[in-house]
Amino acid sequence: MSTFSKENTNEIFEDIIRNLSRGVKDRKHDFHTPVFSNINNQNSIESRVVVLRDFDVENMILNFHTDYRSPKVEDLTKNENSLFVFYDYKLKVQLRIKTISIINNQNLLTEEKWNKTKLFSRKCYLTKKAPSTPTNIPEDGIDISLQGKEPSREESEKGYKNFTVVQNKIKEIDWLYLEASGHRRLKITFKQNIKNFEWLIP
Ligand SMILES: Cc1cc2nc3c(=O)[nH]c(=O)nc-3n(C[C@H](O)[C@H](O)[C@H](O)COP(=O)(O)O)c2cc1C
């Protein structure tokens, strides 16, 4: 349990940084699987769970991985505004983080991350049809020859063109701390990485 002052803006910020960093490394941390939302081409909201893969503290960028063929990739190129929601039951903290998304495919960043991706995880990028394509049978879209097993390195390489890193540059963090003796809420906005703090009524 964190023991920092919930009245001190810098300590709150440090705690946010600490827990987002833990969320990347610790698969059991609640911040490992945030909800990520964007606006689709019908101008309606799409939300889904993603895995937090990286947090670049210096540049305040959150990354997750996806398939280039997934509808959210094209939607994010048309409308880069996005939002993460994190909630940790034990910390009693909700974070709503507004971001600007940048799509990376077949570039230096994806090459670096792909090289660190395990063969089993690479399998996600080997579906024959694009994610979200309707199908008349219940299936995972992976070729029958690969079902129930890890692809060889050579087979896995076919997934590289689909492997996409979504970088999300943080614009604003809305921190909410739930506490019986009195909830607290702080808005942190970033302009050219300069922080501005504003207390809000929870
Ligand atoms: C625990 C969990 C982790 C997930 N991680 C990711 C992820 O990192 N990237 C991703 O594209 N989809 C991930 N998904 C699947 C998405 O929630 C979603 O179903 C999928 O991306 C297709 O929908 P969309 O393209 O309309 O967002 C995850 C789902 C769960 C339940």
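**Focus: the overall build of the protein**
Helix and strand content of the protein: five helices and nine strands. Across its three principal directions, the C-alpha atoms of the protein cover 55 × 35 × 35 Å. Out of the 202 residues belonging to the protein, those deemed buried represent 22%. Looking at the protein alone, contacts between residues at least 24 apart form 59% of all its contacts between residues at least 6 apart.

**Quick look at the site of the ligand**
Surveying the vicinity of the ligand reveals 14 residues, the closest of which are Arg48, Val50, Val51, Thr66 and Ser70. Within the residue set of the shell around the ligand, elements represented by two or more residues are β2 (45–49), β4 (61–67) and α2 (71–78). Its residues placed into classes, the shell around the ligand shows six nonpolar, five polar and three charged.

**Some words on unusual backbone geometry**
The backbone of Met60 shows a phi angle near 55 degrees, a positive value even though the residue is not glycine. Within the secondary structure, Met60 is located in the loop between β3 (54–56) and β4. Looking at Met60, the number of C-beta atoms within 10 Å reads 19, which means it is partly exposed. Backbone geometry at Gln106 places phi at a positive 50 degrees, although glycine is not the residue there.

**Details of the nonpolar core**
Counting 21 residues, the largest nonpolar core has Leu52, Leu62, Phe84, Leu95, Ile97, Ile173 and Trp175 as the members making the most contacts within it. Of the residues forming this core, the biggest block, five residues, is contributed by strand β7 (residues 163–177). Setting aside chain neighbours within four positions, we find Leu62 in contact with Leu52, Phe55, Phe84, Thr99, Asn168 and Ile170.

**Things to note about the environment of Thr135**
Turning to its location among the elements, Thr135 is positioned in the loop between α4 (119–122) and α5 (153–156). Along the backbone, Thr135 and Phe64 are 71 residues apart, and their C-alpha atoms lie at a distance of 26 Å.

What counts, and at which threshold
- Residues numbered from 1 in each chain as written.
- Predicted model: local features only at pLDDT ≥ 70, side-chain atom pairs only at ≥ 80, totals over all residues.
- Helix = DSSP H or I, 4+ residues; strand = E, 2+ residues; numbered from the N terminus.
- Buried ≥ 20, exposed ≤ 12 C-beta atoms within 10 Å, placed from the backbone.
- Contact = placed C-beta atoms within 7 Å.
- Near = placed C-beta within 6 Å.
- Nonpolar A, V, L, I, M, F, W, Y, C, P; charged D, E, K, R; others polar.
- Core = buried A, V, L, I, M, F, W, Y, C linked by C-beta atoms within 7 Å.

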